[in-house]
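# Secondary and tertiary structure notes
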Amino acid sequence: MTIQTDKSSSYAEPGIDGMVSDWSADKQNFDLPWGKLMMWIFLLSDTFIFSVFLTGYMNVRLSQTDNWPNASEVFALEIGGVHLPLILIAIMTFVLITSSGTMAMAVNCAYNRDRRKTVLLMALTALLGASFVSMQVFEWSKLISEGVRPWGNPFGAAQFGSAFFMITGFHGLHVTAGVIYLIVIARRVSRGYYEDKGYAIVEITGLYWHFVDLVWVFIFAFFYLW
Amino acid sequence: MQNVAIADQPDHLHDPQTFVTKYIYSQDHKVIAIQYALTAVFVGLVALVLSGLMRLQLGFPDTFDFINPSDYLQFVTMHGMIMVIYLLTALLLGGFGNYMIPLMIGARDMVFPFMNMLSFWFYLLSVLVLLASFFVPGGPTGAGWTLYPPQAILAGTPGHDWGIILMLASLVIFIIAFTMGGLNYVTTVLQARTHGMTLMRMPLTIWGIFTATVLGLLAFPALLVSAIMMMLDKTLGTSFFMPALVSLGENLDYSGGSPVLFQHLFWFFGHPEVYIVALPAFGMVSDVLATHARKNIFGYRMMVWAIVGIGGLSFFVWAHHMYVSGMDPAFGFFFATTTLIIAIPTAIKVYNWILTLYRGNIHLTVPMLFAIGFIFTFTHGGLTGLFLGNVTIDLPLSDTYFVVAHFHMVMGVSPIMVLFAAIYHWYPLITGRMFNERLGKLHFWLTFLGTYAIYLPMHYLGFLGVPRRYFAMGTTDFIPESAPSLNASITISALIVGLSQLIFLYNVFWSIRHGKPAGHNPWGATSLEWQTPDVPPRHGNWGPELPRVYRWAYDYAVPGAEHDFIPQNHPVSEAEQTAGEHEEHNS
C-alpha cells in the first residue's frame, strides 16, 4: 500500500475508460486524494453560503425604498489631489488575484519537490493575503470614520452598511483563515513533514485560496461595480 | 487504492487502550456514533417532556397553573427545534450515518476520524448552548420553530432577549458540526468503499444517508446565513429582515428589511431538511423490510433513483410552505407543481416496499413491526401532503391542526418508527445481545396505535379550523363544544405514548447486560456490517484483511443456495454464473 505522492492516475486504466470502470466496478469514484475531494465538497458547500449572502444582499437592495449609495463615490480616494473612484478596491483586487498566481506557482514547485521555492511562494501568497486584509481594515476604518455603521449611514439606505460589513467581513474572515492555513502548511513543508506523504496538501490549500479569490471577484462585481 | 488513512494501517498501531481514549476522546466511528446517539436521545427526551406539557395545557385548559401562555410558546418552539434538528438530524446522520457507513461499505473508519470526533464535540456544544437557554433570564425563545421575524426578536415574544441569541448561536454551532461530519460521510462513501462495492451494490441505507448528507451540505448554508443575518438584526440593529414597525405605540429603529426574505431562506433550508430526515429513514426501512421478509428489495435501481430524484427535487419546492406569506401568487402555481411531482418518486418507493413484502416470508419481529408501521404512517402523512401542496386547499388549512397532524405523521412519527426499527434491528450488532422481544412488541403496539389515537383526531380538528400554536381555544362560534373533549382524549393518548417510551429505554439498557447473547448475524442479513469477525465489531472493524464484495446486498432466498441468504462477501459460485438470472443484479 503505497501512498500517492503526485498527480499520476490511480485508476486502473488512464482516461475516461479508467474512470468508467472505476465508477462501475470498484472503490473510489474520483481520481483524487481524500483530502482534495473533501476540500472540493466543502467549497461547494461554501459556494452556497456566499451565494445566499449575495442573494440576500440583492434582495434587500432591490426592495429598498431609500436611495442606494453610489459605491464608486463612497469608495473613492483623493490621492495627490486627484479624485480616484474605487482605487483602493482595484488595488485590493489586483493584490488578491496576484496571490492566486503565486499560489499556483507554489503548487507546481511542490509537485516538483522544490521545498525552498514552495515555502517562499507560499509565504509570498500569505503576505499578499495579509496585505489584502490590512487594506480592508483601512477601508473599514475610513468608512467608519465617515459615519457608516451596520445600522445606518449618511449616504442613503441603511442596508448598504449592513450588507457591506457583513459580506466583506465574512470574506475577510475567509482570507484571514486562509493566511493562517497557508502559514501552517508552509511551516510543515519547510520541515519536510510531507516528504513521505506527498504534496497534495499544497494543492488542497491552493484550492481554498483560489476559491476565496473567486468569491471576491463576485463580491467586487455585485457590490462595488453595481 | 493508493490513499491510505490511519485507520487502514495495521490494527495494533492505533487501538486505544485507556478508558478515556477508548470511550471519550475516541476517533472510532462506532464510539462517536454512540456518543451522538446518546446525546440526541437525551435532548429528544427533553423535547418529549415539553410536548407532554403542551398536551396537558391543551387537553385540560385552566387546570395547570404552572403553564402560562409564554411558557406554552417556549415549549412549542423548543419541542419543534429539538426534534427536527437536534434529535432526528443528529441521530439519523450523526448516529446511524457514523455507525453504518464504514461498516456497510467495508471501510475501517471514516476517512478523517479526527474531524469526525470534532464533529461530535461541536454537536455536544450546540446542545449545551441550546439547553442553556432554559436557564437564562426570559427563558428560551418562543418564536415558533421557524423563528419568523419580525416577531422573533421583538419585545412581546418570550425569550426575545437571550433565548433567541442562544438559539441562533446553537444553530450556527450545529451547522459547523454537521459540516465536519457531513464532509466525512460523503468522502467516505465516494472514496473508501472496499473491493467490489460499487455504487449500485451499496445497501439502500447508505444511499439514503449519502444523499441526505449532500442535501445537508447544500441546504444548511441557507440556515447559517439567515441565522447570522437575524443575529445582526438582533444585536447590531441592522434591518435585513425587519421592516419599519410601530411597537407599543413607538416607532422602532428598523426600516426597509424584508421578512419574506427570511422565510425564503429558512425554507430553502427547511424543505430539504424534511428529506435530510426522511431519506436515511427510507434507506434503513428498505433494508429492514428486505431482511425480515427474506426477499430482495423490489426494484433496487428505481429505489436508488427515487432517493436521488427526491433529493434533487427537494431544492425546488420550498415556497409551498409560504402560500400565505404574501409572496407573488404566481409562485404558488410553480411550487405546487414541483411539490406534486415529488409525489411520483415517493410513491415509487411506497409501492416498492409493499411489493417487497408481497409473497415474502415475513418474520414479524420487532424491527419488522416498526418497519411495517412506518409504511402506514408515512402513507397517511404523505397523502395529507397532497392536500397541503395545492394552493387552494392549503389556504383554509394553513396554520390549523391539519398541518400539525400532517407533518407529525410524515416527518415526526414516520422517521421515529424507522429509528425504532433500526435500533431494534441493529441492537444485536451494536451491543452483541438481543433485546427483550415481548417488551419490544408491547412498545410497538402502544406507540403505533397511540400515534393514530393522537394524530387522526388532529386532522379533524384542523378541518374544523382549530388554529395551531394557540395556548387555549376559548369559546368561539366555529369550534363545536366537542372539540375540547377530543383534545382531552388526544392528551391522554399522548401521555400514554410518551410513558411507553420508558419501556423502550428500560429494554435497551436492561438488555445490554441481561439480554441473550446475539451471536453472529442473528437476522441472517446479507449486508457487510453483519459479516465482521467480531460482534460487536472491534476498532478497525475487519481484522487483518478488508472484505471483498461479490454481489448486491439483497440476495435473499436465492433458489438453489445453501441458506436463504448469501452475504455480500460470498463469492459467486459457478452454478450462479450459469443461472444467469442473478447476473443482472450483480453486474
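No experiment lies behind these values; they were computed from the predicted model shown. (Residues numbered from 1 in each chain as written. Chains lettered and ligands numbered in written order. Predicted model: local features only at pLDDT ≥ 70, side-chain atom pairs only at ≥ 80, totals over all residues.)

## Observations concerning the overall build of chain A
Helix and strand counts for chain A stand at seven helices and two strands. Mapped in sequence order, the helices and strands of chain A form the string α-α-α-β-β-α-α-α-α. Per-residue burial for chain A yields a buried fraction of 36% across its 226 residues. Taking all contacts inside chain A whose residues are at least 6 apart in sequence as the whole, residues at least 24 apart take part in 67%. (Helix = DSSP H or I, 4+ residues; strand = E, 2+ residues; numbered from the N terminus. Buried ≥ 20, exposed ≤ 12 C-beta atoms within 10 Å, placed from the backbone. Contact = placed C-beta atoms within 7 Å.)

## Quick notes on the interface of chain A and chain B
Facing 37 residues of chain A, the contacting portion of chain B comprises 36 residues. Those elements giving two or more residues to the side of chain A that touches chain B turn out to be helix H1 (15–25), helix H2 (34–62) and helix H6 (158–190) of chain A. It is H2 of chain A that contributes the most residues to the side of chain A that touches chain B, 13 residues altogether. Residues that form the side of chain A that touches chain B fall into these classes: 20 nonpolar, 14 polar and three charged. (Nonpolar A, V, L, I, M, F, W, Y, C, P; charged D, E, K, R; others polar.)

## Quick look at the confidence of the model for chain A
This prediction gives chain A a mean pLDDT of 88; 88% of its residues lie at or above 70. Counted against residues more than four places away or in other chains, residues 1–9 of chain A, with its pLDDT under 50, gives 19 contacts. (pLDDT = per-residue confidence, 0-100.)

## Structural notes on the environment of Phe378 of chain B
Residue and element names in this part refer to chain B. Summarising the element assignment, Phe378 is placed in helix H10 (residues 366–389). Looking at Phe378, the number of C-beta atoms within 10 Å reads 26, which means it is buried. Through-space distance from the C-alpha of Phe378 to that of His406 is 9.8 Å; in sequence the pair is 28 residues apart. Setting aside residues up to four positions removed in sequence, Phe378 forms contacts with Val410 and Ser414.

## Description of unusual backbone geometry
Residues and elements named next belong to chain B. Cis peptide bonds are those with omega within 30 degrees of zero, and the linkage from Pro149 to Pro150 qualifies with 0 degrees. Mapped onto the fold, Pro150 is located in the loop between helix H4 (113–132) and helix H5 (163–191). In this structure, Pro536 follows Val535 across a cis peptide bond, with omega equal to -10 degrees. Residue Arg359 is not a glycine yet carries a positive backbone phi of 60 degrees. Mapped onto the elements, Arg359 comes out in the loop between helix H9 (329–357) and H10.

## Thoughts on the nonpolar core
Core analysis: the biggest nonpolar cluster contains 233 residues, and Leu91, Ile206, Val285, Phe370 and Ala421 of chain B have the highest contact counts within it. Beyond its immediate chain neighbours, meaning those up to four positions away, Leu91 of chain B contacts Ala37, Ala40, Val41, Phe96 and Leu419 of chain B. (Core = buried A, V, L, I, M, F, W, Y, C linked by C-beta atoms within 7 Å.)

## Describing the packing of H10 of chain B against helix H12 (residues 401–431) of chain B
Residues and elements named next belong to chain B. Where H10 contacts H12, the axes come no closer than 8 Å and their chain directions differ by 160 degrees. Considered as vectors, H10 and H12 are oriented roughly antiparallel to each other. Where H10 crosses over H12, the two elements pack in a sense that is left-handed. (Axes fitted to C-alpha atoms, helices over the stretch in contact; angles between N-to-C directions. Parallel < 35°, antiparallel > 145°, perpendicular 65-115°, else oblique. Left-handed = near helix turned anticlockwise from the far one by under 90°.)

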